[in-house]
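Below, each chain spelled out in residue letters.
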Amino acid sequence: VRRCAEMGIQTWLPDTRIMLILWLRFTDARYVTRVQVALVDGMLDQIINVVKSQCIPKDLREADPRLAEFVEPINLKFDVVLRWVRDNRLRIEFNDVRMKLHLPQ
């Protein structure tokens, strides 16, 4: 949604604990050969919920002037589900998308 982009993506994120996994080799001056980042799945859920609440306005009419003719607030609701397809592949799904659109009479 445009709201985060318009603000230059100034979003507050919760404190996040991550683990850096460094692959080292001491045979030459290039000691670090690979870096991996790991964090708990629940932390991803928390980050997504925080970003969602900050980026999506309570009334979508604020996000796009083309929605101004609807007479009541447009409250977009959805659930984000994270599914690991493989150890290194994450699928993000938007489920149970719902909103009411009230047209002028």
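Before reading further, recall that the structure is shown in the block above.
What you see as residue numbers is a count from 1 along each chain, following the sequence as written. With the structure being a predicted model, the display of local features is reserved for residues of pLDDT at least 70 and the display and counting of side-chain atom pairs for 80 or more, all residues being used for whole-chain, interface and lining totals. Hydrogens and water molecules were not included; the side-chain quantities draw on all heavy atoms of the structure.

Participant: Just checking my understanding: could you explain the overall build of the protein chain for this structure?
Facilitator: Helix and strand content of the protein chain: two helices and four strands. Numbering goes from the N terminus for both helices and strands, where a helix is a DSSP run of H or I of at least four residues and a strand is a run of E of at least two. Along its sequence from the N terminus, the protein chain presents helices and strands in the succession α-β-β-α-β-β. Within these notes, the globule rule equals 2.2 Å times the number of residues to the 0.38 power, and the radius of gyration is based on C-alpha atoms. By the compact-globule yardstick of 13 Å for 105 residues, the protein chain is too spread out, its C-alpha radius of gyration being 20 Å. By principal-axis analysis of the C-alpha atoms, the protein chain measures approximately 75 × 30 × 20 Å. Using a 1.4 Å probe on the protein chains alone, a residue whose accessible area is under 20% of its type maximum counts as buried, one over 50% counts as exposed, and one in between counts as partly exposed. Taking all 105 residues of the protein chain together, the buried fraction comes to 18%. Any two residues having at least one pair of non-hydrogen atoms within 4.5 Å are treated as being in contact. Excluding contacts between residues fewer than 6 apart, the proportion of contacts in the protein chain whose partners are at least 24 apart in sequence is 40%. For the protein chain, the accessible area works out to roughly 8,800 Å², and carbon and sulfur atoms hold 54% of it. The distance from the centre of the 17 positive side-chain charges to the centre of the 14 negative ones in the protein chain is 5 Å. We get accessible surface area from the Shrake-Rupley algorithm with a probe of 1.4 Å; when it comes to residues, only the shown protein chains can shield them. Charge convention: Lys and Arg are scored as positive, Asp and Glu as negative, and His as well as the terminal groups of each chain are ignored. Note that the charge is assigned to NZ on lysines, CZ on arginines, CG on aspartates and CD on glutamates.

Participant: Could you clarify how one ought to interpret the nonpolar core in this entry?
Facilitator: Nonpolar side chains in soluble globular proteins tend to be buried together. Counting residues in hydrophobic clusters, the biggest one holds nine residues: Ile56, Leu60, Ala63, Phe70, Ile74, Leu76, Phe78, Val80 and Leu82. Those residues in contact with Val80, other than ones at most four positions away along the chain, are Ile48, Lys52, Ile92, Glu93 and Phe94. The term nonpolar core refers to a set of buried residues drawn from Ala, Val, Leu, Ile, Met, Phe, Trp, Tyr and Cys, joined through side-chain atoms within 4.5 Å.

Participant: I tried to follow helix α2 (residues 41-55) on my own but got confused; where do I start?
Facilitator: Since one α-helical turn is 3.6 residues long, residues separated by three or four positions face the same way. One fewer than the residue count of a helix, multiplied by 1.5 Å, yields its expected span. The end-to-end C-alpha separation of α2 is 21 Å, in line with the 21 Å expected for 15 residues at 1.5 Å each. All of the buried residues along α2 are Met43, Ile47, Val50 and Cys55. Down the axis, α2 shows its buried residues gathered within 120° of arc, on one side only. An arc is given here, and it is the one of the directions from the helix axis to the C-beta atoms.

Participant: Even after reading the chapter, I still don't get a nonpolar patch on the surface, so can you show me in this structure?
Facilitator: Within the patch definition used here, like charges are joined within 9 Å and nonpolar side chains (Val, Leu, Ile, Met, Phe, Trp, Tyr) within 5 Å, considering only residues with over 30% relative accessible area and no salt bridge. When a carboxyl oxygen of Asp or Glu lies within 4 Å of a side-chain nitrogen of Lys or Arg, that pair is called a salt bridge. Together, Ile18, Leu20, Leu22, Leu24, Phe26, Tyr31, Val32, Val35, Val37 and Leu39 give the surface a local cluster of nonpolar side chains, amounting to about 980 Å² of exposed area. Put simply, the parts of the chain that give the nonpolar patch at least two residues each are β1 (19-24) and β2 (32-38). Of note, Leu24 is situated in strand β1.

Participant: What should I look at first to understand the environment of Leu24 in this one?
Facilitator: Judged by relative accessible area, which is 46%, Leu24 ranks as partly exposed. For Leu24 and Arg34, which are 10 residues apart along the polypeptide, the C-alpha to C-alpha distance reads 7.3 Å. Apart from residues lying up to four places away in sequence, Leu24 is in contact with Tyr31, Val32 and Thr33.

Without other data, these values stay purely geometric and don't point to any function.
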